[in-house]
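# A structural walkthrough
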Amino acid sequence: MKEKATGKSYAKIIWFGEHSVVYGKPAIAIPIYSVDVTATIRRINAGQNIHCRYFDGPVDQMAENLRGIKTLIDHLTNLLGAKDVAFDLTIESKLPSERGMGSSAATAIAVIRAFFAFFEVSLTRDMLLKLAEIEEKITHGNPSGLDSATASSSMPIWFIKNEINEQIDFNLPTSSLVIADSGIKGKTSEAVSLVHSNLVDQPEMADPLIQQLGTIAETARQALAEADDETLGKLMTQSQQNLAQLGVSNHTLDTFCQVACQNHALGAKLTGSGLGGCVIALAKNQADAQQISTALRKAGATQTWIQSFKNYQFSTGEA
Ligand code: MEV
């Protein structure tokens, strides 16, 4: 066992395929390097404590709304034979929660990595994702697994629930995604239930929208291979229309998409579960990205980030 160990993870942005991914359609998602989570475990003399911006105190007194993380920590200490080991766990997260950026999954991934590093036990990618599922199921109900898969990846990924989780590489050296936080909270479990109710109550409306979102993700993968940013932008705007018809957009997110497109974005859409959270816009170059970001802040975005595609790097043997 080490004196101190850390685990890292990233915010995730779903570029194409949120909601339809729950129904077996493909999705493309990307990790956002600048918005990360670091979990640090230190050996101490007595007790098991957690420090983070959501909670500070003994692990066994964690608040009910952190049940997912508490259950995960209990599971990890059992699994690693560490029930009696005293530690301080500090979680430093740059992710706003309930904004479609995968805050809970990123926290779970960072914590699992920190625990395994602390106890010097090797961790496979499959194990990492299965352990993260313990927390994600408690927090979100029945998640597709896309959030954990992306939060733990150093590259964009192509994902089909229970089938494919592969890193993808593409060449868009000048383009970037502008991410704008509306500051409005959106609960994934509520958004997923809403789409489910629509599929049950109005299948003739909702089912074709889900099917199309799947086709859009496939077309986007082709456009990525051809470095066709104009098509990617149009597909984003088409996705936004489908997600809005499914009921998971709102006035602010629709307005942000319009503002982005009026300021040279090639396309824009909500990202993640919706009902709040963030919008992403595709910018052809750095100058456009800055203009879109400024316009979105003027329109009320509480935070914006610019993620360029040129920095992604494969990391071999990543768990
Ligand atoms: C949430 O980040 C993404 C959704 O597609 C739900 C999921 O994939 O489990 C809305």
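Each remark here, short or long, concerns the structure printed above.
Bear in mind the structure is a predicted one, so any value in this text is a computation, not a measurement.

### Some remarks on the site of the ligand
Every residue near the ligand is listed here: Lys 12, Ile 14, Glu 18, His 19, Val 21, Val 22, Pro 143, Ser 144, Asp 147, Thr 188, Val 192 and Ser 273. At 2.8 Å, a side-chain N or O of Lys 12 approaches an oxygen atom of the ligand. Taking Ser 144, its side chain carries an N or O atom lying 2.6 Å from an oxygen atom of the ligand. When the free accessible area of the ligand is taken as 300 Å², the share hidden by the protein chains comes to 96%. Where the shell around the ligand is concerned, the elements lending two or more residues are strand E1 (4-16) and helix H5 (188-201). When grouped by side-chain class, the residues that make up the shell around the ligand number five nonpolar, four polar and three charged. Residue assignment places the shell around the ligand across two domains, with domain 1 (4-167) and domain 2 (176-308) each supplying three or more.

### Brief notes about the pattern of salt bridges
Oppositely charged side chains can pair when the atoms bearing their charge come close. Taken as a whole, this structure holds 13 salt bridges when the rule is applied. Glu 64 serves as the salt-bridge partner of Arg 67, at 3.1 Å between the closest nitrogen and oxygen. Classification of Arg 67 as partly exposed rests on a relative accessible area of 42%. Between Arg 99 and Asp 181 there is a salt bridge, with its nearest N and O atoms 3.0 Å apart. Separated by 82 residues along the polypeptide, Arg 99 in the loop between strand E5 (87-93) and helix H2 (103-118) and Asp 181 in strand E8 (residues 176-181) bring together distant segments of the chain.

### Side note on the packing of helix H6 (residues 203-225) against helix H7 (residues 229-245)
Taken N-terminus to C-terminus, the directions of H6 and H7 make an angle of 165 degrees; their axes are 10 Å apart at the nearest point. Classified by the angle their axes make, H6 and H7 are roughly antiparallel. Considering how the two elements wind past one another, H6 and H7 form a crossing that is left-handed. On the side of H6, the interface is formed by Met 205, Leu 209, Gln 212, Leu 213, Ile 216, Thr 219, Ala 220, Ala 223 and Leu 224, while H7 contributes Thr 231, Leu 232, Leu 235, Gln 238, Ser 239, Asn 242, Leu 243 and Gln 245. Classifying every residue of the contact of H6 with H7 gives ten nonpolar, seven polar and no charged.

### Points about the packing of aromatic side chains
Per the stated rule, a full pass over the model turns up nine aromatic pairs. On the basis of an interplanar angle of 55 degrees and a centroid distance of 6.1 Å, the ring pair of Trp 15 and Phe 170 is categorised as tilted. On the criterion of sequence distance, the pair formed by Trp 15 in strand E1 and Phe 170 in the loop between strand E7 (164-167) and E8 is long-range, its members being 155 residues apart. Overall, Phe 170 belongs to the buried group, its relative accessible area being 13%.

What counts, and at which threshold
- Residues numbered from 1 in each chain as written.
- Predicted model: local features only at pLDDT ≥ 70, side-chain atom pairs only at ≥ 80, totals over all residues.
- Heavy atoms only, no water.
- Near = heavy atom within 4 Å.
- Polar contact = N/O pair within 3.5 Å; in protein donor to acceptor, adjacent residues only side chain to side chain.
- Areas by Shrake-Rupley, 256 points an atom, 1.4 Å probe, with all protein chains shown as cover.
- Helix = DSSP H or I, 4+ residues; strand = E, 2+ residues; numbered from the N terminus.
- Nonpolar A, V, L, I, M, F, W, Y, C, P; charged D, E, K, R; others polar.
- Domains from an automatic or database assignment.
- Salt bridge = Lys/Arg side-chain N within 4 Å of Asp/Glu carboxyl O.
- Buried < 20%, exposed > 50% of the residue type's maximum accessible area, 1.4 Å probe, protein only.
- Axes fitted to C-alpha atoms, helices over the stretch in contact; angles between N-to-C directions.
- Parallel < 35°, antiparallel > 145°, perpendicular 65-115°, else oblique.
- Left-handed = near helix turned anticlockwise from the far one by under 90°.
- Contact = heavy atoms within 4.5 Å.
- Phe/Tyr/Trp six-rings, centres within 6.5 Å; stacked < 30°, edge-to-face > 60°.

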